[in-house]
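# Chains, contacts and geometry: an overview
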Amino acid sequence: MLSKKLQDTINEQINVEMWSANLYLSMSVFFAKEGFGGFAAWMKAQSKEEMQHAYSMMDYVIKREGTVTIGMINVVPTGWGSPLEVFESVYKHEVHISGLIDKVVDVAASERDKASQDFLWGFVREQVEEEATAKEIVERIKIAGNNGIFYIDAQLGQRK
Ligand code: OFO
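The structure reproduced in this document is the subject of the present report. (Residues numbered from 1 in each chain as written. Predicted model: local features only at pLDDT ≥ 70, side-chain atom pairs only at ≥ 80, totals over all residues. Heavy atoms only, no water.)

## A closer look at unusual backbone geometry
Of note, the phi angle at Glu65 is positive, near 65 degrees, even though the residue is not glycine. Here Glu65 shows up in the loop between α2 (37-63) and α3 (83-110). On the basis of relative accessible area, Glu65 is assigned to the exposed category, the value being 58%. One non-glycine residue with positive phi stands out, namely Arg112, at about 55 degrees. The topology assignment puts Arg112 in the loop between α3 and α4 (114-156). The exposure class of Arg112 is exposed, given its relative accessible area of 69%. (Helix = DSSP H or I, 4+ residues; strand = E, 2+ residues; numbered from the N terminus. Buried < 20%, exposed > 50% of the residue type's maximum accessible area, 1.4 Å probe, protein only.)

Here is the structure:
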């Protein structure tokens, strides 16, 4: 069974994951309106992935006899500048999330909950991938410049 402290911490993280899903959805509609269909599709896929993280945490809390609380999701930004600025924001956001996940692991450790630490390490590893992916896209957009931006858009649109 989860401690109350860890349960509350995971619930906060569930809220953050849902906020992230909305952030990427907002970026997706922004790109769609700007004529970048590939970036829009990539962001929608990312949004779905964030919801999967939230679902996975919810399932875990329930499995450990805890209580899931679906709280209010704060409003997300709706406007950005260039594709480069958007993906720089994605990278920054993922670095921020990595820090938050680390703190959830710290709570699990302080509560001496081994199973939760094991569960949460999966998210720690995933953050490494998410940061690296965002960074790589930032670099590719920089290299592509204005002339190559639609090539990158088409490439990212292939994401399943
Ligand atoms: Fe949920 O992994 Fe990104 O934020």
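## Re the packing of helix α1 (residues 4-34) against α2
Axis separation between α1 and α2 bottoms out at 8 Å; the angle between their running directions is 165 degrees. Judged on the interaxial angle alone, α2 and α1 are roughly antiparallel. Two packed elements cross with a definite hand, and for α1 against α2 that hand is left-handed. Partitioned by chemical class, the residues of the contact of α1 with α2 number 18 nonpolar, seven polar and three charged. (Axes fitted to C-alpha atoms, helices over the stretch in contact; angles between N-to-C directions. Parallel < 35°, antiparallel > 145°, perpendicular 65-115°, else oblique. Left-handed = near helix turned anticlockwise from the far one by under 90°. Nonpolar A, V, L, I, M, F, W, Y, C, P; charged D, E, K, R; others polar.)

## Things to note about the packing of α2 against α3
At their nearest, the axes of α2 and α3 sit 13 Å apart, and the two run at 10 degrees to each other. Judged on the interaxial angle alone, α3 and α2 are roughly parallel. Contacts from Phe39, Trp42, Met43, Gln46, Glu50 and Met57 of α2 reach α3 at Pro83, Val86, Phe87, Val90, Glu94 and Ile101. Here the residues of the contact of α2 with α3 are counted per class, giving nine nonpolar, one polar and two charged. (Contact = heavy atoms within 4.5 Å.)

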